[in-house]
Structures are given as structure tokens and as C-alpha cells.
Amino acid sequence: LLAVSGYHVGLICFVPIVLLRSRRWMIRCIALIMALACSWTFVAICGLPPSAIRAATMVGLYAICNCLRLPISSIQIWSATCVGMMLWNPDLVFDVGTQLSFAAVLAILLFVQVTVETSRYKAIIGAIGVPIAAQLGTVFIAIPVFNLFPIFFLPFNIMHVSRMFLNEMRRSDARALHDFSASSG
């Protein structure tokens, strides 16, 4: 891995995060413990990079608030994580990886809040727009630091989204065919 991101931590914590939606208090408590254990164990195995610490902290805050049924927005979780990490280690303010991580996540959260939540085509807009939002959110850091702007992310993301869309269409066709054959036989 070149960088451990929230995507990777989210994959590790997918099942506990889904279980946090349960109505049962005990299941939510177990899911909270699982989410914290999975995310922080993964981050420790990866060597505790700031981007992974950010992701695990955000997952942990989300899990705690969800378990206790406390209403909190993703922007508030992002803000609390940012303040907490800067208080814990003020030198992170100067770390380019930390800056890129926080900038990309904020851009994604704002994009999702503005577009995806109000759109009919959430999956398509999210799949295409999230990588673009992350790139645009980090451009003000990337250009001065690296003296370049990555231009190949867009065609590769569009190809990837197209492939995912076609795979999903094949799966839904196979499900429809299976449901039809099961109901007619």
C-alpha cells in the first residue's frame, strides 16, 4: 500500500459499522468494540500513519455516537478529529500527508452533503464525483508541493466506474433471471 486511507479502514470495519444500525443496545455495544478493535489494530499493523489515525479516529467517533444514538454530522466528526489530532501532535500541521488526508476528506464530505444526498442518481454521481472532489480538494496543496496536478485520475476513474456499473448490471440481470426462473418453475 502506498497510503492507508479511510477507504481501507472502512473496508476493515464494514461489518461492525453495519451492526451499529441495530435497535438492540447489546449488538450496538459489541459492534462498537469490534469497530474500535478492528480499526486500531489495522492502523497499528500499518505503522500508525497520520492518514490512518485520522480514519480510525473518525470511525471510532462515528461508532461511539451511533452506539449512543447521539446525532452528529460527518463534518463535526471531521472537525473533532482534526482538532484532536492537532492537539495530540501539533507537528502534524506541517505534515503534507496529514494536510492532504484532511483536505481530501473534507472535500468528499462537502461534495456528498451538497450533491449525493439530493440526487436521484446517487451511485453514479458518487462514484464519479467523489474522486474528482478529493482531487480538487487537495489541488491547493499538491500543486505547490509537488509542482504538478495529476491529470490521469479522471480517465482511470471513469473506466473503473464504467466497469463497476457493467458488473452491477450483469449481477442484476442474473438476479432477475434467477427470480424469474424460480417463480415460473
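The structure this text deals with has already been given above.
This write-up is about the structure you can find in this document. (Residues numbered from 1 in each chain as written. Predicted model: local features only at pLDDT ≥ 70, side-chain atom pairs only at ≥ 80, totals over all residues. Heavy atoms only, no water.)

**Remarks on the overall build of the chain**
For step 1, the next point in the chain: Per the secondary structure count, the chain includes eight helices and zero strands.
For step 2, the next point in the chain: In sequence order, the secondary structure elements of the chain are arranged as α-α-α-α-α-α-α-α.
For step 3, the next point in the chain: Here the chain holds 185 residues, and the buried ones make up 30% of them.
For step 4, the next point in the chain: The long-range fraction of contacts in the chain, counting pairs at least 24 apart against all pairs at least 6 apart in sequence, stands at 58%.
For step 5, the next point in the chain: Carbon and sulfur atoms form 72% of the exposed surface of the chain, whose accessible area is close to 11900 Å². (Helix = DSSP H or I, 4+ residues; strand = E, 2+ residues; numbered from the N terminus. Buried < 20%, exposed > 50% of the residue type's maximum accessible area, 1.4 Å probe, protein only. Contact = heavy atoms within 4.5 Å. Areas by Shrake-Rupley, 256 points an atom, 1.4 Å probe, with all protein chains shown as cover.)

**Some remarks on unusual backbone geometry**
For step 1, the next point in the chain: Phi is positive for arginine 69, close to 60°, though the residue is something other than glycine.
For step 2, the next point in the chain: Structurally, arginine 69 can be placed in the loop between helix 4 (50-67) and helix 5 (74-88).

**Some thoughts on a nonpolar patch on the surface**
For step 1, the next point in the chain: Together, Tyr121, Ile124, Ile125, Ile128, Leu154 and Ile158 line one region of the surface with nonpolar side chains, adding up to about 480 Å² of accessible area.
For step 2, the next point in the chain: Among the elements that take part in the nonpolar patch, helix 7 (residues 122-146) stands out by supplying three residues, more than any other.
For step 3, the next point in the chain: Relative to the elements of secondary structure, isoleucine 125 occurs in helix 7.
For step 4, the next point in the chain: We classify isoleucine 125 as partly exposed; its relative accessible area is 30%. (Patch = residues over 30% accessible without salt bridge, like charges linked within 9 Å, V, L, I, M, F, W, Y side chains within 5 Å. Salt bridge = Lys/Arg side-chain N within 4 Å of Asp/Glu carboxyl O.)

**Quick look at helix 4**
For step 1, the next point in the chain: Taking 1.5 Å of rise per residue, 18 residues should cover 26 Å, and helix 4 covers 25 Å from first to last C-alpha, within 8% of that figure.
For step 2, the next point in the chain: The buried fraction of helix 4 is high, at 13 of 18 residues. (Expected span 1.5 Å × (residues − 1).)

**A word on the packing of helix 3 (residues 25-45) against helix 4**
For step 1, the next point in the chain: Put simply, helix 3 and helix 4 touch, their axes get as near as 9 Å, and they point 175° apart. By the criterion of interaxial angle, the relationship of helix 3 to helix 4 is roughly antiparallel. Only Ala52, Ile53, Ala56, Thr57, Val59, Gly60, Ala63, Ile64, Asn66 and Cys67 of helix 4 make contact with helix 3, whose side of the interface consists of Trp25, Arg28, Cys29, Leu32, Ala35, Leu36, Ser39, Trp40 and Val43.
For step 2, the next point in the chain: Of the residues in the contact of helix 3 with helix 4, the class split is 14 nonpolar, four polar and one charged. (Axes fitted to C-alpha atoms, helices over the stretch in contact; angles between N-to-C directions. Parallel < 35°, antiparallel > 145°, perpendicular 65-115°, else oblique. Nonpolar A, V, L, I, M, F, W, Y, C, P; charged D, E, K, R; others polar.)

**Some details on the nonpolar core**
As a rule of thumb, nonpolar side chains are buried together in soluble globular proteins.
For step 1, the next point in the chain: The biggest cluster of nonpolar side chains holds 20 residues, and the ones touching the most others in it are Val9, Val43, Met58 and Trp78.
For step 2, the next point in the chain: Looking at this core, the elements with two or more residues in it are helix 3, helix 4, helix 5 and helix 6 (96-114).
For step 3, the next point in the chain: Per element, the largest residue contribution to this core is six residues, and it comes from helix 4.
For step 4, the next point in the chain: Aside from chain neighbours lying at most four places away, what touches methionine 58 is Ser74, Ile77, Trp78, Thr81, Val105 and Leu109. (Core = buried A, V, L, I, M, F, W, Y, C linked by side-chain atoms within 4.5 Å.)

**So, the packing of helix 6 against helix 7**
If you want to describe how two helices pack, look at the angle between their axes and the distance between the axes.
For step 1, the next point in the chain: Contact pair helix 6 / helix 7: the axes reach a minimum separation of 8 Å and the direction vectors enclose 145°. Once helix 6 is placed against helix 7, the crossing between them reads as right-handed.
For step 2, the next point in the chain: Of the residues contributing to the contact of helix 6 with helix 7, the split by class is 17 nonpolar, five polar and no charged. (Left-handed = near helix turned anticlockwise from the far one by under 90°.)

**What to know about the state of the cysteines**
For step 1, the next point in the chain: Applying the stated criterion to the full structure yields zero disulfides.
For step 2, the next point in the chain: Left unpaired, cysteine 13 is separated from the closest cysteine sulfur, that of cysteine 38, by 5.5 Å.
For step 3, the next point in the chain: No disulfide involves cysteine 65; its sulfur sits 10.0 Å from that of cysteine 67, the nearest cysteine. (Disulfide = S-S within 2.5 Å.)

**Focus: helix 5**
For step 1, the next point in the chain: In this model, helix 5 (15 residues) spans 21 Å end to end at C-alpha, consistent with the 21 Å of a helix rising 1.5 Å per residue.
For step 2, the next point in the chain: Along helix 5, the residues that are buried comprise Ile77, Trp78, Thr81, Met85 and Met86. Seen from one end, helix 5 has its buried residues packed into an arc of 155°, which puts them on one side.
For step 3, the next point in the chain: Buried residues along helix 5 sit against helix 4 and helix 6. (Arc of directions from axis to C-beta.)

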